[in-house]
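Architecture and fold: a report
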Amino acid sequence: MDANGDGFLSPDEVRGRSPLERDFSHIDANSNGRISLQEFLGFRPPKPLGPPRPFGTSGPQPKFK
């Protein structure tokens, strides 16, 4: 992927690789406009949210007497 061999990924080098292109600004932790190997290896994409839970199922329920 590192087309010019400088050890970094630029926006042009990740174009067309949707996860990298989409999350470039998040992966580029120091905002220098390129992704280092350490930034690439340290990035964890956010987990997708699951389906919404029905009302009242988010935790322990009160016990009524």
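Owing to the predicted nature of the structure, the values given are computational and were not obtained by experimental measurement. (Residues numbered from 1 in each chain as written. Predicted model: local features only at pLDDT ≥ 70, side-chain atom pairs only at ≥ 80, totals over all residues. Heavy atoms only, no water.)

**Examining a nonpolar patch on the surface**
Together, Met1, Leu37, Phe40 and Leu41 give the surface a local cluster of nonpolar side chains, amounting to about 400 Å² of exposed area. Among the structural elements, Leu41 can be located in helix H4 (residues 37-42). Leu41 gets classed as exposed once you look at its relative accessible area, which sits at 54%. (Patch = residues over 30% accessible without salt bridge, like charges linked within 9 Å, V, L, I, M, F, W, Y side chains within 5 Å. Areas by Shrake-Rupley, 256 points an atom, 1.4 Å probe, with all protein chains shown as cover. Salt bridge = Lys/Arg side-chain N within 4 Å of Asp/Glu carboxyl O. Helix = DSSP H or I, 4+ residues; strand = E, 2+ residues; numbered from the N terminus. Buried < 20%, exposed > 50% of the residue type's maximum accessible area, 1.4 Å probe, protein only.)

**What about the nonpolar core?**
Listed in full, the 7 residues of the largest apolar core are Leu9, Val14, Leu20, Phe24, Ile27, Ile35 and Phe43. Once you skip the residues sitting within four places of it in the chain, Val14 turns out to touch Leu9, Leu20, Glu21 and Phe24. (Core = buried A, V, L, I, M, F, W, Y, C linked by side-chain atoms within 4.5 Å. Contact = heavy atoms within 4.5 Å.)

**A closer look at unusual backbone geometry**
A positive phi angle, near 55°, is found at Ser31, a position not held by glycine. Within the secondary structure layout, Ser31 lies in the loop between helix H3 (24-27) and strand S2 (35-36).

**Remarks on the pattern of salt bridges**
Counted under the stated rule, the structure contains 2 salt bridges. We note a salt bridge from Arg22 to Asp23, for which the minimum N-O separation is 3.6 Å. By relative accessible area, Arg22 is classed as exposed at 58%.

**Comments concerning the packing of aromatic side chains**
Considering all chains together, one arrives at 0 aromatic pairs under this definition. The ring of Phe8 carries Arg34 above its face, with NZ or CZ at 3.7 Å from the centroid. (Phe/Tyr/Trp six-rings, centres within 6.5 Å; stacked < 30°, edge-to-face > 60°. Lys NZ or Arg CZ within 6 Å of the ring centre and 35° of its normal.)

**Overview of the confidence of the model for the protein**
Residues with a pLDDT of 70 or more make up 78% of the protein, whose mean pLDDT is 83. Within the protein, S2 carries the highest mean pLDDT (95), whereas helix H2 (residues 18-22) carries the lowest (87). (pLDDT = per-residue confidence, 0-100.)

**Some thoughts on the environment of Asp2**
Turning to its location among the elements, Asp2 is positioned in the segment before strand S1 (8-9). Given the relative accessible area of 27%, Asp2 is considered partly exposed. The sequence separation of Asp2 and Val14 amounts to 12 residues, and the corresponding C-alpha distance is 8.7 Å. If we ignore the near neighbours within four places in the chain, the residues touching Asp2 are Gly7, Phe8, Leu9 and Glu13. One polar contact links the side chain of Asp2 to the main-chain amide nitrogen of Asp6, over a distance of 3.2 Å. (Polar contact = N/O pair within 3.5 Å; in protein donor to acceptor, adjacent residues only side chain to side chain.)

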